[in-house]
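Below, each chain spelled out in residue letters.
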Amino acid sequence: AKVALEEEQFRAARDAARPEEDRNRDRDQNRDRDRGPPPMVQNSRFMDAVNADADYVPPAQRNERQKQFEEDRNVDRDAHGPPAPPTARNTRWQGDGGDRDTDRNQNRGPPLVQNSRFTDAVAADADYVPAAQRNERPRPFEDDRGGDRRPGPGDRDRDDRRAYDDRRPYDDRRPYDDRRSFQERRPDRSDRPSPPADRRSFQDRRPDRPDRPSPPPVRSVPDAPLALPGENSAAALARVEKKKKEEEERKRNQEEAAAAATQAAEEARKEAEDQARKAKELEAEILEVFCSGKMQGKELDAWCQERRQVLPPLQLLVKEMLVEQNGVNPDTECKWGEAQAYGEALIALIGDEVPQMMEILWGIQKYCDTIGFPKLNGEYVLQAMFRAMYQHDIVDDDGFAEWKEDESEENELGKVKAIIQTVEWFNWLEEDDDSEEEE
């Protein structure tokens, strides 16, 4: 009884809900029936592009149409021969001229692409015949050549590639490409030598012809000069000739002057070279005698006075003398500065001139530079030699002061090291001067 009651309640609930379901179904059906197509987009910036591309054909479909068109055209040509060329429909000088659908049905080809930049090329290539099909076509001129014609030298369809020649035996047939010479192909013909070249002149070959004199050379007539007012042609010509002669004479004078100047310069150069060579030889001779030490004291002083105008600079004399006599073993006491040695001659050459004193110091500076500014017995050699020059009265205080202040480029070799090594000596000179001033 309980189960039957539940079934009765279920049927009653189902019947009560059925009208509502029917109403919902009818409403959905009416809504689907009344629904129309979606509205067109009115404000899209791509609307013009969509309308212009409405008849666009995809590449795959175009290729398929072209392939089908080629197959149909090949079948049609096999059956009826090549079609006549179509009328040009895509030129700018011709109108439509017919129905496009009718022409397409007649030619059995795909429609021309109207929205492509290759339309002209496609239309111009409409009657293109593939190479394979062109080779398969029968040649109209082959039937006129005759079927019983024997192959000749030009035939290339023979397997043996031999030329046909019935003038020779069958076994002596040769290929068409006969590269034998003329004498090998015609042994019955004798060799014909070529006539020798006739290198004689015309008179030798024709002695009966008299000699013809050569025509006289053509003389160029100079242009008449432009005459000045009140001047005839002869006067104008004379004026021009005079001016030309003057110009030639002026150029000749300039050339002679230039040649004379060049010759004078060359002679001056040679003379200067000769004098320099002689001066160098004389300098070498004077240095050899001065540095040898054979003459000293008064004798050396007299010899130097006789050659005072041609003596080398004192710094060169001092440097070469130290290199020749001391070498790498310097004499810090400078015994060569004594009067009976070189002192008297040096003092006579210096006099009271400070630049000559500086020459002596420069010679000692460059000599110490050659031996590396050594140090002996705890004292620098340069400072000891400077003290010796002071003791022998060869260089005084003014000479040392000027040497210290000198900054010339020709005497800067070793100058910095020389200043450093003579600091104590110059300090002593300054103290000595102060003490003398106090006294």
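Scroll up to find the structure this text is about.
Residues numbered from 1 in each chain as written. Predicted model: local features only at pLDDT ≥ 70, side-chain atom pairs only at ≥ 80, totals over all residues. Heavy atoms only, no water.

J.: I'd like to hear about the overall build of the protein, residue by residue, with values.
T.: Regarding its fold elements, the protein presents 17 helices and two strands. Per-residue burial over the protein gives 19% buried out of 439 residues. At a minimum sequence separation of 6, the contacts of the protein that also span at least 24 residues come to 62%. In the form shown here, the protein has an accessible surface area of approximately 34700 Å², with 49% of it arising from carbon and sulfur atoms. (Helix = DSSP H or I, 4+ residues; strand = E, 2+ residues; numbered from the N terminus. Buried < 20%, exposed > 50% of the residue type's maximum accessible area, 1.4 Å probe, protein only. Contact = heavy atoms within 4.5 Å. Areas by Shrake-Rupley, 256 points an atom, 1.4 Å probe, with all protein chains shown as cover.)

J.: I'd like a description of the environment of methionine 389, backed by residues and values.
T.: If you trace the backbone, methionine 389 turns up in helix H14 (residues 381-391). C-alpha separation for the pair methionine 389 and isoleucine 360, spaced 29 residues apart in sequence, amounts to 8.8 Å. Excluding anything up to four places from it in sequence, methionine 389 contacts Cys334, Trp336, Ile360, Ile364, Ile394 and Val395.

J.: Provide a residue-level description of the packing of helix H12 (residues 339-350) against helix H13 (residues 354-370), including the pertinent values.
T.: Relative to each other, H12 and H13 sit at 135 degrees, their axes nearing to 8 Å. The orientation of H12 relative to H13 falls into the category oblique. For the pair H12 and H13, contact is made by Leu346, Leu349 and Ile350 and by Gln356, Met357 and Ile360, respectively. Residues that form the contact of H12 with H13 fall into these classes: five nonpolar, one polar and no charged. (Axes fitted to C-alpha atoms, helices over the stretch in contact; angles between N-to-C directions. Parallel < 35°, antiparallel > 145°, perpendicular 65-115°, else oblique. Nonpolar A, V, L, I, M, F, W, Y, C, P; charged D, E, K, R; others polar.)

J.: Any chance you could break down helix H9 (residues 233-292) for me, citing the residues and the numbers?
T.: For H9, built from 60 residues, the straight-helix expectation of 88 Å at 1.5 Å per residue is met to within 8% by its first-to-last C-alpha distance of 88 Å. Listed as buried for H9 are Ala236, Ile286, Leu287, Phe290 and Cys291. Check the buried side of H9 and you find it contacts helix H10 (297-306), helix H11 (314-325) and H12. A positive backbone phi angle near 80 degrees is found at glycine 293, which sits one or two residues after H9. (Expected span 1.5 Å × (residues − 1).)

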